[in-house]
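Here is how the chains run, residue by residue.
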Amino acid sequence: MIRGMTTFSATILRRAGLWTGLLVGCVQWTLATTATAATVEAARVHVAPDHTRLVFDLSEPAVHRVFQLASPPRVVVDLDRSALDLDLDQVQLDGTAIRGMRSGVQDRRDLRIVLDLNAPVRPRSFLLKPNERYGDRLVIDLFTTTWESEPIKRAEEYLRERRPVVVAVDAGHGGEDPGALGPGHVREKDVVLSIARKLHQRLQREPGFHPVLIRTGDYYLALRKRTELAREAGADLFISLHADSFRHASARGGSVYILSSQGASSESARWLAQSENQADLVGGVDLEGKESVVAQVLLDLYVTSTLQQSHDVAATLLQGLGRVTRLHKRQVEKAQFVVLKSPDIPSLLVETGFISNPQEAAQLASARHQERLAGAIADAVIEYYRASPPPGTWLAWQRASESVGLKHQIAQGDTLSGIASKYQVSVHAIRELNGLSSDRIRIGQVLQIPTS
Ligand SMILES: [Zn+2]
């Protein structure tokens, strides 16, 4: 990181070509309710696959403008009647789109912060209102033009036969939205990301499954963006991971939710749906796209067909969860969560426990318990899809072969190539059907023999 200057006069800024430089970004004006002097007190940076989010903590809302300048690429942030009470050099910028930050004073009262960038970006900015953790904030999103997350396979790639079952694993919240906060600084966003990673690892080891991690780090994703990423990946199932919170510390236990067809099935479910959905208000994103009446009718049709499947997976999952943790309710809950509103993908929301309960908060923060939860969720998903594999999947193909019932038990001296030639099938076909990653076999092992 290049160290920026902490103070910067208007003359130097003018000489640097800020006034004559080419204006490439759009100018954004945001009017705050009050126009008194604000102080920039702290700054944080969150890195998402497609953007860097820079957050300034403000003592109060401020009128601001953000614009971009080319060669060298930089973004200029002007805050009216504001002052800086922060060492910009201390802000951690490694791995972000920002190379360095410097500040200056404009017209003796306005603050200008210049972000020197590694490459051109698309900037977007908005103010966030105070929440239980932070006060007023100015958020600047710097969108990169390339998406650098793990390569997500497109649905078309799976159109060929024997595709894996694609499971979208979504860790709720992230970045500026910490989710529920528990005793001992346990944060929902960290706990669920950790469980999501463990679940992803488990499913990755399982033949016939392809897990996709929707949120890969500590950044915020709009709820609609999460389901969009799942759809792009061709997901068969969408699992959103959360941890509950309630005003009474005694509330405890895990729950599994699916989308309700009418409305929330209980008052507490409605309360929860409200607080989980508020995440998108935190992200400052308008989530309700305008839907025509026709689209709504089609959506309802799809929803009813995927709801049954969601319910069946959820019931299996609730059972599995009950083996590793206490349950809040014995049946699958229903609520109107935005993340569950994919018309075409069976979707579940898992509340892994109550982070507001001191005992469960400590459990949720422990790697051992996270591993147990991830294992239980993975086992349930595997159990469900083995029993009801979607058509065209490797699991469906394996099941069909199984029902024909040609099996071979490994005896002393057997080799995979020997067995292959005996049954006149390829080694590759045997390996594929049995999910073998190498040619190693052991005595007593029973192999399915492909029949076509
Ligand atoms: Zn949550």
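Details of the structure are given in the entry above.
Figured I'd write up the structure that's included with this text. (Residues numbered from 1 in each chain as written. Predicted model: local features only at pLDDT ≥ 70, side-chain atom pairs only at ≥ 80, totals over all residues.)

1. A look at the overall build of the chain
Note the cut-off: Helix and strand definitions here come from DSSP, where helices need a minimum of 4 consecutive H or I residues and strands a minimum of 2 consecutive E residues; each element is numbered from the N-terminal end. The exposure label follows from counting other C-beta atoms within 10 Å of a residue's C-beta, where the C-beta atoms are placed from the backbone and the thresholds are 20 or more for buried and 12 or fewer for exposed, leaving partly exposed in between. Note on contacts: residues are paired as contacts if their backbone-placed C-beta atoms lie within 7 Å.
From N to C terminus, the chain includes eleven helices and 20 strands. Within the chain, the proportion of its 452 residues that are buried is 41%. Summarising the internal contacts of the chain: among those between residues at least 6 apart in sequence, 77% fall at separations of at least 24.

2. Section: the sheet that holds strand S9 (residues 122-128)
The pairing of strands in a sheet comes from backbone hydrogen bonds and takes either a parallel or an antiparallel form. For the record, the criterion: Pairing between two strands requires that DSSP report at least two bridges joining them. With axes taken as lines fitted to C-alpha atoms, and helix axes fitted only over the stretch in contact, angles between N-to-C directions fall between 0 and 180 degrees.
With mixed pairing, five strands are arranged side by side in an open sheet as S6-S2-S3-S10-S9. Whereas interior strands pair on both sides, the edge strands pair on one side only; in this sheet they are strand S6 (82-84) and S9. Neighbour-to-neighbour, the strand axes of the sheet open up by a mean angle of 30°, direction not taken into account. Examined bridge by bridge, strand S2 (residues 38-47) and S6 share three bridges and lie parallel to one another. Note that in S6 the partner of Val 40 across the bridge is Leu 84.

3. Some remarks on the sheet that holds strand S16 (residues 255-259)
Taken in spatial order, the six strands of this open sheet run S14-S11-S15-S18-S16-S17, and their pairing is mixed. What marks the edges here is a single partner per strand, and that holds for strand S14 (209-213) and strand S17 (333-335). Strand after strand, the sheet turns through a mean of 30° between neighbouring axes, direction not considered. Examined bridge by bridge, S16 and strand S18 (residues 347-354) share three bridges and lie antiparallel to one another. Bridge pairing in S18 links Val 256 to Val 350. Running at roughly 115° to S18, helix H7 (residues 358-365) makes contact with strand S15 (237-244) and S18 of the sheet.

4. Some remarks on the environment of Arg 137
Turning to its location among the elements, Arg 137 is positioned in strand S10 (residues 137-143). Owing to 21 C-beta atoms within 10 Å, Arg 137 belongs among the buried residues under this scheme. Sequence spacing of Arg 137 and Ala 43 is 94 residues, and the spatial spacing of their C-alpha atoms is 9.3 Å. Look past the residues within four positions of Arg 137 in its chain and what remains in contact with it is Val 55, Phe 56, Asp 57, Leu 58, Leu 127 and Leu 128.

5. Some points on the nonpolar core
As a rule of thumb, soluble globular proteins bury nonpolar side chains together. Rules: Each nonpolar core comprises buried Ala, Val, Leu, Ile, Met, Phe, Trp, Tyr and Cys residues, the members being joined through C-beta atoms within 7 Å.
The biggest cluster of nonpolar side chains holds 65 residues, and the ones touching the most others in it are Val 167, Ala 168 and Ile 377. Among all residues touching Ile 377, those that are not within four sequence positions of it are Leu 199, Ile 239, Leu 317, Gly 320 and Val 350. Residues Ala 43, Leu 79, Leu 84 and Ile 113 belong to the second largest nonpolar core, which totals 31 residues.

6. Some words on the pairing of strand S8 (residues 110-117)
Looking along a regular strand, one sees the side chains alternate between the two faces of the sheet. Of all eight residues in S8, six are buried, a share of seventy percent or more. Both strand S5 (residues 74-79) and S8 contribute to a ladder of six bridges, which runs antiparallel. Across the sheet, residue Val 76 finds its bridge partner in S8, namely Val 114. With eight bridges joining them, strand S7 (residues 98-106) and S8 adopt antiparallel strand pairing. Within the sheet, the bridge partner assigned to Gly 104 lies in S8 and is Arg 112. Once S7 ends, the chain turns through three residues before running back antiparallel as S8, passing Asp 107 with a positive phi of about 50°.

7. Some words on helix H8 (residues 367-387)
What counts here: Helix span, expected: 1.5 Å multiplied by one less than the number of residues in the helix.
Compared with an ideal rise of 1.5 Å per residue, which puts 21 residues at 30 Å, H8 spans 30 Å between its outermost C-alpha atoms and is within 8% of the ideal. Among all positions in H8, only Gln 370, Leu 373, Ala 374, Ala 376, Ile 377, Ala 378, Ala 380, Val 381, Ile 382, Tyr 384 and Tyr 385 are buried.

8. Things to note about the packing of helix H2 (residues 188-204) against H8
Between two packed helices, what matters for the description is the angle formed by their axes and the separation of those axes. The following threshold applies: Should an angle fall under 35 degrees it is taken as roughly parallel, and over 145 as roughly antiparallel, whereas 65 to 115 is taken as roughly perpendicular and any remaining angle as oblique. By definition, turning the near helix anticlockwise from the far helix through less than a right angle yields a left-handed crossing, and turning it clockwise yields a right-handed one. Residue classes follow a fixed rule: Ala, Val, Leu, Ile, Met, Phe, Trp, Tyr, Cys and Pro count as nonpolar, while Asp, Glu, Lys and Arg count as charged, and any other residue, Gly among them, counts as polar.
Where H2 meets H8, the axes come as close as 8 Å, and the angle between the chain directions of the two elements is 45°. Put simply, H2 runs oblique to H8. For the element pair H2 and H8, the recorded crossing hand is right-handed. Contact residues: H2 offers Ser 194, Ile 195, Lys 198, Leu 199, Arg 202 and Leu 203, while H8 offers Gln 370, Glu 371, Leu 373, Ala 374, Gly 375, Ile 377, Ala 378 and Val 381. For the contact of H2 with H8, the per-class residue count stands at eight nonpolar, three polar and three charged.

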